[in-house]
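One-letter residues, chain by chain:
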Amino acid sequence: MAGGGEYGDDSICRAALREAFGDSSDSESDAPAGVNPRAGRGRWRWEAVAGIRGLWLCAAFLSADEQARLLAAIQREGWFMDANNQAMRFGNLPSWAVELSTLIREAICVGDVNVDVGAEMTNEDEDACPLPSDLLWREPFFDQMIANRYNPGEGICAHVDLMRFDDGIAIVSLESACVMHFSQAEPTAATGTSLDTLKQEDAEPRKVPVYLNPGSLVVMSGDARYLWKHEINRKPGAQLWDGRELEQHRRTSVTLRKLLASPS
């Protein structure tokens, strides 16, 4: 996958992370309590999605055991009863969602970063970070959550998340694999980005497919958050990957976002 993106001050971010968590060769005893850099760096690998600045995928974010525990925690909430398939929470999130947010930040801090520059793959690119430092270290990291449950055939229409939410959005996928498609959207006043940044080559919008396996994490910021719509079409024949149609099962997702501060 290709990374594109202008990282700018993110080299400072990566330097700060190395100072805080150490390099992979550092002793584990030097890491903050509860953080195992060696385990994280071997387990979490970030890929920058080709052609979309600010879109990052961590395919092995949650282990099978962690997925099962997260699903059990969601089930205990009792949200998906009487045909209800969505739950939203604002402000104080459930303890498991707070822990999930902490794990996302940890994965960004200590995970390996792969950036495809042209034909060259640069491992552990020092200037690449899945989130800009101002988003990574904001408090709270996230204060809004949506849990969704989709039956086979159910998905989401193409959309850009509402402008009431800040930059930096995370989506965790559970149970069924799927393909999420990204297509370019018209810029809005909130993005501060001109039309010149968009490539409008064809009348038919260009779509970038991203494979979301169970336990994967997608992080969107900058262009990916504001200038690209995302959708999941799970109708028959729409879920294709590597030349074959994916078998669809029930899918659960958790989306974490940060509300913008109210104008004073």
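Scroll up a little and you will see the structure.
The present account deals with the structure reproduced in this document.

Here is what the cut-offs are and how they apply
Here, residues in each chain are numbered from 1, in the same order as that chain's written sequence. With pLDDT at 70 or above as the cut-off, local features in this predicted model cover only qualifying residues; side-chain atom pairs require 80 or more to be listed or tallied, and sums for whole chains, interfaces and linings still use all residues. Remark: hydrogens and water are excluded; side-chain values derive from all non-hydrogen atoms of the structure. A run of DSSP states H or I qualifies as a helix once it reaches four residues; a run of E qualifies as a strand once it reaches two. Both are numbered from the N-terminal end. Residue contacts are counted whenever heavy atoms from the two residues lie within 4.5 Å of one another. Calculation of accessible area relied on Shrake-Rupley with a 1.4 Å probe; when residues are assessed, cover is drawn exclusively from the protein chains displayed. In this analysis, strands are considered paired if DSSP registers two or more bridges between them. Angles run from 0 to 180 degrees between N-to-C directions of axes, and those axes are lines fitted to C-alpha atoms, restricted for helices to the stretch in contact. Remark: nonpolar core denotes a set of buried residues (Ala, Val, Leu, Ile, Met, Phe, Trp, Tyr, Cys) joined through side-chain atoms within 4.5 Å. Burial classes: relative accessible area under 20% of the type maximum marks a residue as buried, over 50% as exposed, and values in between as partly exposed (1.4 Å probe, protein chains only). By this rule, a helix spans an expected 1.5 Å times one less than how many residues it contains. Distance and chemistry together define a polar contact, namely a pair of N or O atoms within 3.5 Å, with one atom able to donate a hydrogen and the other to accept it when in protein, and with adjacent residues in sequence counting only for side-chain atoms on both sides.

## Remarks on the overall build of the protein chain
Right, so step 1: For the protein chain, the helix and strand inventory stands at 6 helices and 15 strands.
Right, so step 2: Of the contacts formed within the protein chain by residues at least 6 apart in sequence, a portion of 81% connects residues at least 24 apart.
Right, so step 3: A total accessible area of about 13,000 Å² is found for the protein chain, and carbon and sulfur atoms account for 50% of it.

## Brief notes about the sheet that holds strand 7 (residues 156–159)
Right, so step 1: Ordered by their spatial adjacency, 4 strands build an open sheet running 7-12-9-10, and the pairing between neighbours is antiparallel. Of all strands in the sheet, those with a lone pairing partner are strand 7 and strand 10 (207–212), marking the two edges. Strand-to-strand, the axes of this sheet are offset by a mean angle of 20°, without reference to chain direction.
Right, so step 2: Pairing between strand 7 and strand 12 (residues 228–232): 2 bridges, direction antiparallel. In the sheet register, Ile 156 faces strand 12, and the bridge partner there is Ile 232.

## Digging into unusual backbone geometry
Right, so step 1: The amide bond that connects Glu 139 to the next residue, Pro 140, takes the cis arrangement and shows omega of -10°.
Right, so step 2: Position of Pro 140 among the secondary structure elements: in the loop between helix 5 (133–136) and strand 6 (144–150).
Right, so step 3: The phi angle at Asp 82 is positive, at roughly 55°, despite the residue not being glycine.
Right, so step 4: Relative to the helices and strands, Asp 82 resides in the loop between helix 3 (64–76) and strand 3 (86–90).

## Description of the nonpolar core
Right, so step 1: Ranked by internal contacts, the top residues of the largest apolar core, which has 42 residues, are Trp 46, Phe 61, Trp 96, Ile 104, Met 145 and Leu 217.
Right, so step 2: Looking at this core element by element, the count peaks at 9 residues for helix 4 (residues 95–110).
Right, so step 3: Ranked by size, the runner-up nonpolar core spans 18 residues in total, among them Ile 52, Ile 171, Leu 212 and Leu 227.

## Things to note about helix 4
Right, so step 1: In a regular helix each residue adds 1.5 Å, so 16 residues correspond to 22 Å; helix 4 covers 23 Å between its end C-alpha atoms and thus fits that length.
Right, so step 2: Taking burial as the measure, the 16 residues of helix 4 include 12 buried ones, the bulk of the element.
Right, so step 3: Where helix 4 is concerned, the buried positions are Trp 96, Ala 97, Leu 100, Ser 101, Leu 103, Ile 104, Arg 105, Glu 106, Ala 107, Ile 108, Cys 109 and Val 110.

## Considerations on the pairing of strand 6
Right, so step 1: Counting buried residues in strand 6 gives 7 out of 7 residues, a clear majority hidden from the surface.
Right, so step 2: Every second residue of strand 6 is oriented toward a common face, with Gln 144, Ile 146, Asn 148 and Tyr 150 on one face and Met 145, Ala 147 and Arg 149 on the other, all of them buried.
Right, so step 3: One ladder, built from 5 bridges, connects strand 3 with strand 6; its direction is antiparallel. Following the sheet pairing, Gln 86 is matched in strand 6 by Asn 148.
Right, so step 4: Summarising the sheet, strand 6 and strand 15 (residues 251–257) pair through 7 bridges and their orientation is antiparallel. In the sheet register, Tyr 150 faces strand 15, and the bridge partner there is Arg 251.

## Some details on the environment of Asn 213
Right, so step 1: Structurally, Asn 213 is set in the loop between strand 10 and strand 11 (217–220).
Right, so step 2: The class of Asn 213 is buried, set by a relative accessible area of 18%.
Right, so step 3: Setting aside chain neighbours within four positions, we find Asn 213 in contact with Ala 59, Ser 173 and Ala 177.

## Description of the side chain of Asp 161
Right, so step 1: Within the fold, Asp 161 resides in the loop between strand 7 and strand 8 (169–174).
Right, so step 2: Engagement of the side chain of Asp 161 in a polar contact is seen with the side chain of His 159, the distance being 3.3 Å.
Right, so step 3: A distance of 2.7 Å separates a polar atom in the side chain of Asp 161 from a polar atom in the side chain of Arg 257.
Right, so step 4: Discounting residues that sit within four places of it in the chain, Asp 161 has contacts with Ile 169, Arg 225, His 230 and Arg 257.

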